[in-house]
Amino acid sequence: MLKRVHYNSSYLPYLLVTPQIIITLLFFIWPALQALYQSFLLEDAFGLSSEFVWFDNFIELYDDPNYLSSFTRTGFFSLAVASLSMGMALLFAALADRVVKGARTYRTLLIIPYAVAPVLAGTLWLFLFNPTLGIISYFLEIIGIDWNHKLNSTQAMSLVIMAAAWKQISYNFLFFIAAMHSIPKSLIEAAAIDGAGPVHRFRTIILPLISPTTFFLLVVNIIYAFFDTFGIIHSMTAGGPGNSTEILVYKVFNDGFVGLDLGGSAAQSVILMVVVILLTVVQFKYVERKVQY
């Protein structure tokens, strides 16, 4: 029988959720409303005067080819990061689920990158691929690959994708391994008795049963690629070379804090928020249909 919790005081439930409501209002709702208001203003660089210009900031963004190209760049970047991080995490989780000896050590080593700050993760990869001192760039030169992400836009984008995906693998691994452990072992054993190999069992049993976790991680990874990769890009390429790694969230920073276009930067943040909301809605409407609960 389902037991319901009853509070003697009618004020206690509201008192318990008050801290979370205050945090949400201060750090989410209020900044969003402020950005929406500033997107209709034309402000000077020092913020001493402002003029209400309605939708002029949005119109200028529509006429800016650099901003429009950042949409394509961000879409490619987010899909690449989500696919690479989730794919590697799923592979590691499948291997970890089969490890008998040293399983705890193996899983602990895979979780460590999650504790690394984005800026530090970008710096680590920057040292590894440094054109002059990097050990990986040294071996790439031996096999005939001239690596210089400071000049090559394709290499720069590949580098930030690898660094951003590496940072997120641990997070995805935790959820995948937990989802695999929740699958009854009797199902796997029955399939093995019937002659199904490891790959066939993974494709027909494990993968469908962890589809809710996969869908959740897809949404989280897309949002991560849109917002939380700012520190990685800023520490590695600063949007270069030639704006080749300047995704939407970094362009908001670059135009607002470097170019001092406060109104245009606010308009970009509003558009970025709307884009992420629409992507999330589309994923819940169409991708979730293939999820088996």
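Refer to the structure above for everything that follows.
What comes next is a walk through the structure. (Residues numbered from 1 in each chain as written. Predicted model: local features only at pLDDT ≥ 70, side-chain atom pairs only at ≥ 80, totals over all residues. Heavy atoms only, no water.)

Examining the overall build of the protein chain
How we decide: Here a strand is any run of E in DSSP of at least two residues, a helix any run of H or I of at least four, and the numbering for each starts at the N terminus. Partly exposed describes any residue whose relative accessible area lies between the buried limit of under 20% and the exposed limit of over 50%, with all areas from a 1.4 Å probe on protein chains only and scaled to the type maximum. Contacts were defined at the residue level, with two residues in contact if any of their heavy atoms lie within 4.5 Å. In this description, accessible areas are obtained by the Shrake-Rupley approach with a 1.4 Å probe, and a residue is regarded as covered only by the protein chains that are shown. In this tally, Lys and Arg are treated as positive and Asp and Glu as negative; His is ignored, and so are the chain termini. Note on charges: their place is set at NZ of Lys, CZ of Arg, CG of Asp or CD of Glu.
When helices and strands are counted, the protein chain shows 13 helices and two strands. Looking at the 293 residues of the protein chain, the share that counts as buried comes to 37%. Considering only contacts within the protein chain whose residues lie at least 6 apart along the sequence, 68% involve residues at least 24 apart. Here the protein chain has roughly 17,800 Å² of accessible surface; of this, 69% comes from carbon and sulfur atoms. Here the protein chain contributes 16 positively and 17 negatively charged side chains, and the mean placements of these two sets differ by 24 Å.

Concerning the packing of helix H3 (residues 65-96) against helix H10 (residues 211-228)
Short version of the rule: Axis definition: a line fitted to C-alpha atoms, over the contacting stretch in the case of helices. Angles run 0 to 180 degrees between N-to-C directions. For classification purposes, angles smaller than 35 degrees are called roughly parallel, those larger than 145 roughly antiparallel, those between 65 and 115 roughly perpendicular, and all remaining angles oblique. By definition, any crossing whose near helix is turned counterclockwise from its far helix by less than a right angle is left-handed, and any crossing with a clockwise turn is right-handed. Polar here means any residue other than Ala, Val, Leu, Ile, Met, Phe, Trp, Tyr, Cys and Pro, which are nonpolar, and Asp, Glu, Lys and Arg, which are charged; Gly is therefore polar.
Close contact between H3 and H10 brings their axes to 9 Å; oriented N to C, the two are set at 135°. Comparing their axes, H10 and H3 come out oblique. The hand of the H3/H10 crossing is right-handed. Residues Thr74, Phe77, Ser78, Leu79, Val81, Ala82, Ser85 and Met86 of H3 form the contact with H10, whose own contacting residues are Thr214, Leu217, Leu218, Asn221, Ile222, Tyr224, Ala225 and Phe226. Considering only residue class, the contact of H3 with H10 consists of 11 nonpolar, five polar and no charged.

Observations concerning helix H1 (residues 12-38)
Note the following rule: Here, expected helix span is obtained from the residue count minus one, scaled by 1.5 Å. To get the bend at any residue, fit one axis to the seven residues that end at it and another to the seven that begin at it, then take the angle between the two axes.
Under the 1.5 Å per step criterion, the end-to-end length of H1 is 38 Å for 27 residues, consistent within 8% with the ideal 39 Å. Taken as a whole, H1 carries its principal kink of about 40° at Thr18; the proline Pro19 stands between one and four residues after it.

Quick word on the environment of Trp54
With respect to the element layout, Trp54 can be found in the loop between strand E2 (50-52) and helix H2 (56-62). Its relative accessible area of 55% is what places Trp54 among the exposed residues. For the pair Trp54 and Asp64, spaced 10 residues apart in sequence, the C-alpha separation works out to 18 Å. Ignoring anything within four residues of it in the chain, the contact list for Trp54 reads Ser39 and Phe40.

A word on the packing of helix H8 (residues 185-193) against helix H9 (residues 198-209)
Interhelical geometry of H8 versus H9 gives an angle of 165° and a closest axis separation of 10 Å. In terms of axis orientation, H8 runs roughly antiparallel to H9. For the pair H8 and H9, the crossing hand works out as right-handed. For the pair H8 and H9, contact is made by Leu187, Ile188, Ala191 and Ala192 and by Arg201, Ile205, Ile206 and Leu209, respectively. Looking at the contact of H8 with H9 residue by residue, the class counts come to seven nonpolar, no polar and one charged.

Section: the packing of aromatic side chains
Centre distance and the angle of the planes are the two values used to describe a pair of aromatic rings. What counts is decided by this rule: Side-chain rings of Phe, Tyr and Trp, where Trp is taken by its six-membered ring, are said to pair if the distance between their centres is within 6.5 Å; with planes under 30 degrees apart they count as stacked, over 60 as edge-to-face, and otherwise as tilted.
Across all of its chains, the model carries 17 aromatic pairs by this definition. Ring geometry for Tyr67 and Phe71: centres 5.2 Å apart, planes at 90°, overall edge-to-face. Of this pair, Tyr67 and Phe71 both sit in helix H3, four residues apart, which is roughly one turn of that helix. For Phe71, a relative accessible area of 28% translates into the label partly exposed. The structure contains a cluster of three or more aromatic residues connected by ring pairs, namely Phe40, Phe52, Trp54, Phe55 and Phe58.

Things to note about unusual backbone geometry
In this model, Gly240 is joined to Pro241 through a cis peptide bond whose omega is -5°. By secondary structure assignment, the location of Pro241 is in the loop between helix H11 (230-236) and helix H12 (248-258). Non-glycine residue Ala238 carries a positive phi angle of around 55°. Mapped onto the secondary structure, Ala238 falls in the loop between H11 and H12.

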